[in-house]
Amino acid sequence: MANAGGIPGPEQKPEALNPNLDEIEEEEEEDDDVVEEEDDDDLEEDDDAAQPQRKSRVDRPKIENLFRRIRNGPVPLRVHDVIVKGNTKTKDCLIEAELDAIRNATTMQEIIQAANIINYKLRELECFDSVEITLDSGPPELPGTSNVIIQVVETKTPLSGQIGTYTKGEAKSSTVEGSLKYKNGFGYGDLWDASLAYGFDRSAEVSAGVYLPRFKGLVTPMTARVFLQSQDWLKFSSYKEQSLGLSLGLFSIRHHDLVYNLAWRTLTDPSHMSSNTVRRQLGHDFLSSLKYTFKFDKRNSPLRPTRGYAFVSTTQIGGLAPDSRCLRFLRQEFDLRFAVPFGFYRTALNFGISSGVVLPIGRDFLRMSTSLPERFFLGGNLSPICSLGGPSALWGFKTRGLGPAEPRRQVRGDSSDENADASERDFLGGDLAVSAFADLSFDLPLRWFREKGIHGHLFACAGNVAKLTENEYRNFSLPKFLQSTRSSVGAGIVFPTNLFRLEVNYCRILKKSSHDHGKNGIQISLSAPL
Amino acid sequence: MEQVNEREDFTLVTRKPYFGLPTACPICLPVYIYLKFARLPFHLAFNSTYPDSDIIPYVESGTYVACNNENGGVIECLKKDGIVDLDNGYQSVPEWISMKALISSWLEEALIYELWVGSDGNSVRKIYYPDLAWPIGKVLFLQQVRTVKQQLGITKENSDRREEEIYNRASIAYRALSTRLGEESFLFENRPSSVDAILLAHVLVTLHALPVSCLTNCTLSVYIGSLRSI
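Residues numbered from 1 in each chain as written. Chains lettered and ligands numbered in written order. Predicted model: local features only at pLDDT ≥ 70, side-chain atom pairs only at ≥ 80, totals over all residues. Heavy atoms only, no water.

1. Some thoughts on the sheet that holds strand 1 (residues 78–85) of chain A
All names here are of chain A. Under the convention used in this document: We call two strands paired when DSSP finds no fewer than two bridges between them. The secondary structure listing takes helices from DSSP runs of H or I that are at least 4 residues long and strands from runs of E that are at least 2 residues long, numbered from the N terminus. The convention used is that axes are lines fitted to C-alpha atoms, helices contributing only their stretch in contact, and that angles between N-to-C directions extend from 0 to 180 degrees.
Reading across from one edge, 1-3-2 is the order of the three strands in this open sheet, with mixed pairing throughout. Single-partner strands in this sheet number two, and they are strand 1 and strand 2 (128–137). Neighbour-to-neighbour, the strand axes of the sheet open up by a mean angle of 15°, direction not taken into account. Relative to strand 3 (residues 145–154), strand 2 runs antiparallel, the two being bridged by nine bridges.

In structure tokens, the structure reads:
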């Protein structure tokens with residue numbers, strides 16, 4: 001799901017009571033006798049700026065008593081009414097959909113916590129410049145009740161532009177994106193955007209979409225996106241990929257994400273130099289697939305994790321259409337990793353293992369071939385630390401730089417064929433991929449580096465890709481797979497920023513196949529967390 | 001040639017078979033027949049997901065590939081690369097050249113017109129789009145119809161006139177070929193050449209792939225009858 005800038009991220013979610021109340025409580029504990037500091041003592045927002053001191057002196061004993069009661073235990077209080085003010089364009093139903101928790105609250109503590117959550121959720125809609133929630137006393141005839149007043153100020157500038165890094169359902173990797181957004185066009189918290197994106201995997205995309213926080217009463221937001229995407233793999237596999245399609249984010253809560261993709265995909269080879277296998281795959285495909293992702297990330301940072309663990313499982317099923325001629329496949333990826341702190345110089349050991357398999361669906365599926373774009377490719381200027389979500393990155397190897405490969409077409413020229421470059425090969429990827437890595441990160445001695453977050457790391461990784469379809473599974477064996485596993489080690493310096501993780505590494509290849517594109521030397525990797 | 005003979009087996013990649021033909025595509029069938037005339041052993045493979053490709057048909061052997069969109073076509077590539085040449089000695093015969101030009105222009109135009117514009121399109125859907133999902137097949141079909149009309153210079157205003165022109169030229173071509181062929185099996189010197197392969201492919205597709213209604217409604221049928229002896 002797109003996590004556009006401006007929407008409060010998970011780290012900003014309210015976990016405690018309203019900070020104003022915390023400050024007041026701390027003041028009470030620190031200095032009960034102080035009467036001059038009165039501006040922060042209000043539980044309600046006081047609009048009467050002319051007489052703040054007198055009113056505060058009158059209310060102060062009451063508030064002190066209130067906080068003593070809050071500290072000691074639950075204070076029974078119910079919500080009598082919730083009044084929403086300030087929404088001229090935004091539909092009431094959008095705001096009221098967030099109010100269940102506060103309506104059902106039975107104590108002061110629950111009301112305040114629910115108010116915090118409502119505040120966060122309403123700000124998350126990006127429709128309001130400000131959201132203020134005030135607790136007022138309920139009607140005198142109903143003691144123990146309170147009225148909640150939600151005052152919103154709708155945004156005066158619905159149109160905005162921004163640049164950032166994102167991950168969307170249809171993207172295979174992170175992208176740098178510039179977008180124009182129009183907020184709350186129809187008053188349903190709808191967020192419309194048009195964007196241009198460039199991905200780290202040499203992809204470019206033009207897309208337009210809408211984000212609906214509350215669609216027909218559904219609990220989770222829905223997104224719909226129309227995209228035209230192109231990926232250039234000419235240099236590595238002699239084909240270009242273009243996709244025109246629609247992506248629907250059906251379901252997205254904390255750990256679960258379900259996306260439906262409908263796309264017309266075309267593979268072409270403008271160079272006319274592709275290998276036999278790639279040439280046979282050129283053409284059009286109709287893709288109708290569901291992709292389910294379960295993600296559990298308890299690491300303390302996606303850019304420099306020093307503690308925690310993460311697990312991602314991605315399942316994609318293609319062929320969900322009445323027309324049997326669409327692409328049918330099943331793709332499964334796993335990714336498990338841990339970060340263990342050592343307790344000095346912020347040293348931590350990150351290690352993990354990723355695996356993936358893709359198979360066509362149908363009778364005699366092992367005799368069929370899998371579509372090239374669905375296969376697994378290892379290598380590239382990505383860091384395994386950031387690429388959470390399946391086997392893809394391997395230090396020291398170039399993009400799509402290892403695995404099954406086939407010679408490209410040779411054109412007969414005037415000179416003899418012996419002069420032709422016989423090393424030009426197309427990397428074809430595989431149906432099965434496994435990769436593992438270990439990374440020891442540590443602070444550098446200089447304080448300036450530590451302040452900037454620049455740190456060093458030592459790493460080792462291994463990975464392999466194998467073909468199983470077109471009856472190649474008969475030649476597959478685990479010992480052979482392990483024996484042909486590629487591996488590399490190295491060291492480098494990491495420059496983390498808010499958006500990227502830049503690594504300058506020295507890599508040494510320990511084991512590779514004769515046709516692999518990997519070499520010893522300095523390598524720069526640029527990745528954004530997935 | 002020795003180097004060529006040491007290569008791996010040849011594979012001809014065409015569009016899928018239909019209507020009882022080894023490949024129903026009028027661009028692929030001449031290459032198939034040419035290789036059969038040349039008695040060159042080859043495997044036949046199919047690509048059914050790239051109907052708008054101009055590289056199909058192509059012949060491959062190891063890393064060697066002769067594509068349709070290069071150097072005048074697959075047959076010319078095979079001749080130029082010394083793999084197979086049935087046109088040896090004909091290149092300087094004016095009649096041979098004019099027959100080839102006649103078939104490659106007027107008859108090919110008539111066949112393309114009948115397949116994409118003159119008929120209901122069912123034949124081409126079976127030839128080019130059988131394995132593509134309906135939305136893709138439909139869009140590509142409409143795109144190709146538009147391209148063919150542009151190629152043949154057909155507009156709403158001149159469609160009738162162009163149709164008559166195309167049929168008239170085809171009639172003239174059939175008459176000339178019928179006269180040239182007579183009772184012989186091949187057009188020149190009683191041995192096959194690329195012209196025979198192209199003509200035979202054209203006739204087979206016309207007889208088998210076009211709907212019967214088109215054959216009975218146009219004058220082509222008069223001359224196709226005389227070519228049935230082939």
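2. Quick word on the packing of helix 4 (residues 94–118) of chain B against helix 8 (residues 194–209) of chain B
Residues and elements named next belong to chain B. Heads up, the rule is: When describing relative orientation, an angle under 35 degrees is termed roughly parallel and one over 145 degrees roughly antiparallel, while 65 to 115 degrees is termed roughly perpendicular and anything else oblique. Crossings are classed by handedness, with left-handed meaning an anticlockwise turn of the near helix from the far one by less than a right angle and right-handed meaning a clockwise turn. The contact criterion used throughout is that any non-hydrogen atoms of two residues lie within 4.5 Å. Basically, the charged four are Asp, Glu, Lys and Arg, the nonpolar ten are Ala, Val, Leu, Ile, Met, Phe, Trp, Tyr, Cys and Pro, and anything else, Gly included, counts as polar.
Interaxial distance between helix 4 and helix 8 falls to 10 Å at its minimum, and their mutual angle equals 20°. Considered as vectors, helix 4 and helix 8 are oriented roughly parallel to each other. Here helix 4 and helix 8 pass one another in a crossing that is left-handed. Residue-level inspection shows Trp 96, Met 99, Lys 100, Ile 103, Ser 104, Leu 107 and Leu 111 of helix 4 in contact with helix 8, the latter providing Ser 194, Val 195, Ile 198, Leu 199, His 202, Val 205 and Thr 206. Its residues assigned to classes, the contact of helix 4 with helix 8 shows nine nonpolar, four polar and one charged.

3. Brief notes about the pairing of strand 7 (residues 203–212) of chain A
All names here are of chain A. Relative to strand 7, strand 6 (residues 191–199) runs antiparallel, the two sharing eight bridges. Bridge pairing links Asp 193 to Gly 209 in strand 7. Pairing geometry for strand 7 and strand 8 (residues 222–232), over ten bridges, is antiparallel. If you follow Leu 212 over to strand 8, its bridge partner there is Met 222.

4. Quick word on the confidence of the model for chain B
Residues and elements named next belong to chain B. Counted only if it meets this: Here pLDDT means the predictor's own confidence in every residue, given as a number from 0 to 100.
Residues at a pLDDT of 70 or more form 88% of chain B, whose mean pLDDT is 86. Confidence drops under pLDDT 50 across residues 1–6; counting only partners more than four residues distant or on other chains, this segment forms eight contacts. Low confidence marks residues 215–219, where pLDDT is under 50. Its contacts with residues over four positions away, or in another chain, come to seven contacts. Of the two predicted TM-score estimates for the complex, the pTM is 0.80 and the ipTM is 0.88.

5. Observations concerning the side chain of A:Asp335
All names here are of chain A. Inclusion rule: Residue exposure (1.4 Å probe, protein chains only): buried if accessible area is under 20% of the type maximum, exposed if over 50%, otherwise partly exposed. Between N or O atoms, a polar contact is any pair within 3.5 Å; within protein, one atom must be a potential hydrogen donor and the other a potential acceptor, and residues adjacent in sequence are included only when both atoms are from side chains.
Within the secondary structure layout, Asp 335 lies in strand 13 (residues 329–341). Using a relative accessible area of 0% as the deciding quantity, one classes Asp 335 as buried. A polar side-chain atom of Asp 335 sits 3.1 Å from a polar atom in the side chain of Ser 354. Polar side-chain contacts of Asp 335 include one of 3.1 Å to the backbone nitrogen of Gly 390. Setting aside anything within four residues of it in sequence, one finds Asp 335 in contact with Ala 310, Phe 311, Val 312, Ile 353, Ser 354, Ser 387, Leu 388, Gly 389 and Gly 390.

6. What to know about the interface of chain A and chain B
Here is the rule: Buried surface area refers to the total accessible area, computed with a probe of radius 1.4 Å, that the two partners give up upon joining, counted for both partners together. Any carboxyl oxygen of Asp or Glu that lies within 4 Å of a side-chain nitrogen of Lys or Arg is treated as forming a salt bridge with it.
Listed as interface residues are 20 residues of chain A and, on the opposing side, 32 residues of chain B. Each partner contributes to the roughly 2,200 Å² buried at the junction of chain A and chain B, and carbon and sulfur atoms together form 50% of this total. Among the residues of chain A in contact with chain B, A:Arg280, A:His284 and A:Arg412 are the three that bury the most area, contributing 29% of the side total. At the boundary of chain A and chain B, one finds three salt bridges. Two residues, B:Glu60 and A:Arg279, come together in a salt bridge whose shortest N-O distance is 2.4 Å. Elements with a contribution of two residues or more to the side of chain A that touches chain B: strand 10 (256–268), helix 7 (276–281) and strand 11 (283–297) of chain A. In the side of chain A that touches chain B, the residues fall into five nonpolar, six polar and nine charged.

7. Points about the domain arrangement of chain A
Quite often, the size of an interface is put as the accessible area lost when its parts meet. Residues and elements named next belong to chain A. Rules: In this entry, domain limits derive from an automatic or database-based domain assignment.
Per the domain assignment, the segments of chain A are domain 1 (64–154) and domain 2 (166–407 + 425–527). For domain 1 versus domain 2, the distance between C-alpha centres works out to 43 Å. In this assembly, ten residues from domain 1 lie in contact with eleven residues from domain 2. The contact between domain 1 and domain 2 buries some 970 Å² in all, and 55% of this surface belongs to carbon and sulfur atoms. When the area that domain 1 buries against domain 2 is broken down by residue, the three leading residues are Lys 89, Leu 94 and Glu 126, summing to 48%. The partner of Lys 183 in a salt bridge is Glu 126, and the shortest N-O contact between them spans 3.8 Å. The interface formed by domain 1 and domain 2 includes three residue pairs in polar contact (both at pLDDT 80 or more). The residue inventory of the side of domain 1 that touches domain 2, partitioned by class, reads five nonpolar, one polar and four charged.

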